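Okay, here's what each chain looks like letter by letter:
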Amino acid sequence: MSDKPWQPPKVWTWEKQGGTWGSINRPVAGPTHERTLPVGKHPLQLYSMGTPNGQKVTILLEELLALGETGAEYDAHLIRIGEGDQFSSGFVEVNPNSKIPALMDHSVNPPVRVFESGAILLYLAEKFGHFLPKDHAKRTETLNWLFWLQGSAPYLGGGFGHFWHYAPEKIEYAINRFAMETKRQLDVLDRQLADHRYIAGDEYTIADIAIWPWYGALGLGGMYDAAEFLDVASYQHFQRWVREVNDRPAVQRGRKVNRTWGDASEQLPERHDASDFDALSDK
Ligand SMILES: N[C@@H](CCC(=O)N[C@@H](CS)C(=O)NCC(=O)O)C(=O)O
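Residues numbered from 1 in each chain as written. Predicted model: local features only at pLDDT ≥ 70, side-chain atom pairs only at ≥ 80, totals over all residues. Heavy atoms only, no water.

- For the chain, an unreviewed UniProt entry supplies the name Putative glutathione S-transferase homolog YghU and the organism Atlantibacter hermannii NBRC 105704.

Here is the structure:
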């Protein structure tokens, strides 16, 4: 083996990589196999997994149900992304980008597909008229933060999380680069929350629901085992918000849906009825 540092070839070609994601992802889109998606009894059919992007949607649905919006009843089908379920023909029809979460709304004719978690939050907030202020300036501020999250979380997940936790080797430059960016983002949130109870002001909105599953999990110490490394406890205003959102019963329910890891009492791999949560309390 040569000691020379790796040089990129003229034209990149694909070789299967190691690591958790390297063995699943390919440089092309489209389905790898034929399989239709299951359809349950409720108007909303969610195809997802309990990762932060998945939790955004299940938390919003549980919040809507808590407000008495029965039209938000949903079936949450598990898509095992580690096993390639996102590449089935049925899933690709709902989301050509092969990423969870993806939603079908069967309450309208013809049924509507919604993909990209930010688009799903906006769709549901507009459909049910909650968690998105009507006032134009407040609505704009909410969308500022929703788009902030959609643009920022890939630096936390695909950047910091990937190189700190998933990559088959520890690359100093990559970890330093994304640790710096993640801490800068935590400081953005901390400064905003120093003057505001919630992310977009005094109302709990889809901005909180989008941001909490990523940065809240990091703040509580449960994400990537990086709480000490990133000194997340030092962001005090952010920590106050993390705990306040964490205490909401709908958040506690939503974060368990389509989850297949951690404590057994935290895992509801599929959700087809509100009573499905009852079985978890015995675990
Ligand atoms: N921008 C997308 C990102 C979705 C995403 O990255 N989903 C991940 C899980 S958190 C996924 O499905 N990964 C499977 C893969 O990359 O093959 C969204 O917000 O919905």
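## A look at the pattern of salt bridges
Next, step 1: Using the criterion set out here, one finds 13 salt bridges in the structure.
Next, step 2: Residue glutamate 62 is joined to arginine 253 by a salt bridge in which the shortest nitrogen-to-oxygen separation is 3.0 Å. Here the residue glutamate 62 occupies a position in helix α2 (residues 52-66), and arginine 253 occupies one in helix α9 (residues 249-254), the gap between them amounting to 191 residues.
Next, step 3: On the accessibility criterion, glutamate 62 (3% relative accessible area) is buried.
Next, step 4: Note that arginine 255 is salt-bridged to glutamate 266, the shortest N-O span being 2.8 Å. Taken together, the residues arginine 255 in the segment after α9 and glutamate 266 in the segment after α9 connect sequence positions 11 residues apart.
Next, step 5: Of the residues examined, arginine 255 reaches a relative accessible area of 15% and is grouped as buried. (Salt bridge = Lys/Arg side-chain N within 4 Å of Asp/Glu carboxyl O. Helix = DSSP H or I, 4+ residues; strand = E, 2+ residues; numbered from the N terminus. Buried < 20%, exposed > 50% of the residue type's maximum accessible area, 1.4 Å probe, protein only.)

## Notes on the sheet that holds strand β1 (residues 44-48)
Next, step 1: Strand order in the open sheet formed by four strands is β2-β1-β3-β4, with mixed pairing between adjacent strands. Looking at strand neighbours, the two that pair on one side only are β2 (74-78) and β4 (112-115), the edges of this open sheet. Ignoring strand direction, the axes of neighbouring strands in this sheet form an average angle of 20°.
Next, step 2: Pairing of β1 with strand β3 (residues 102-105) involves four bridges; the strand directions are antiparallel. (Pairing = 2+ DSSP bridges. Axes fitted to C-alpha atoms, helices over the stretch in contact; angles between N-to-C directions.)

## So, the site of the ligand
Next, step 1: In the vicinity of the ligand, 13 residues are found, and the nearest of them are Gln86, Lys99, Ile100, Glu116 and Ser117.
Next, step 2: Here the ligand has 510 Å² of accessible area as a free molecule, and 82% of this is covered by the chains.
Next, step 3: Class assignment of the residues belonging to the shell around the ligand gives a composition of four nonpolar, six polar and three charged. (Near = heavy atom within 4 Å. Areas by Shrake-Rupley, 256 points an atom, 1.4 Å probe, with all protein chains shown as cover. Nonpolar A, V, L, I, M, F, W, Y, C, P; charged D, E, K, R; others polar.)

## Here's the deal with the packing of helix α5 (residues 136-166) against helix α6 (residues 172-195)
Next, step 1: Where α5 meets α6, the closest approach of the two axes is 9 Å, and the angle between their N-to-C directions is 150°. Our classification of the angle between α5 and α6 gives roughly antiparallel. Crossing geometry of α5 relative to α6 is assigned as left-handed. Judged by residue contacts, Glu141, Trp145, Trp148, Ser152, Tyr155, Leu156, Gly159, Phe160, Phe163 and Trp164 of α5 engage Ala174, Ile175, Phe178, Ala179, Glu181, Thr182, Gln185, Val188, Leu189 and Gln192 from α6.
Next, step 2: For the contact of α5 with α6, a count of residues per class yields 13 nonpolar, five polar and two charged. (Parallel < 35°, antiparallel > 145°, perpendicular 65-115°, else oblique. Left-handed = near helix turned anticlockwise from the far one by under 90°. Contact = heavy atoms within 4.5 Å.)

## Here we look at the packing of α6 against helix α7 (residues 206-219)
Each pair of packed helices gets described by two things: the angle between the helix axes and the distance between those axes.
Next, step 1: At a closest axis distance of 12 Å, the pairing of α6 and α7 adopts a crossing angle of 110°. If you check the angle between α6 and α7, you find them roughly perpendicular. Pair α6 / α7 crosses with left-handed handedness. Note on element contacts: α7 touches α6 through Ile211, Tyr215 and Leu218, opposite Thr182, Gln185, Leu186 and Leu189.
Next, step 2: Classifying every residue of the contact of α6 with α7 by side-chain character gives five nonpolar, two polar and no charged.

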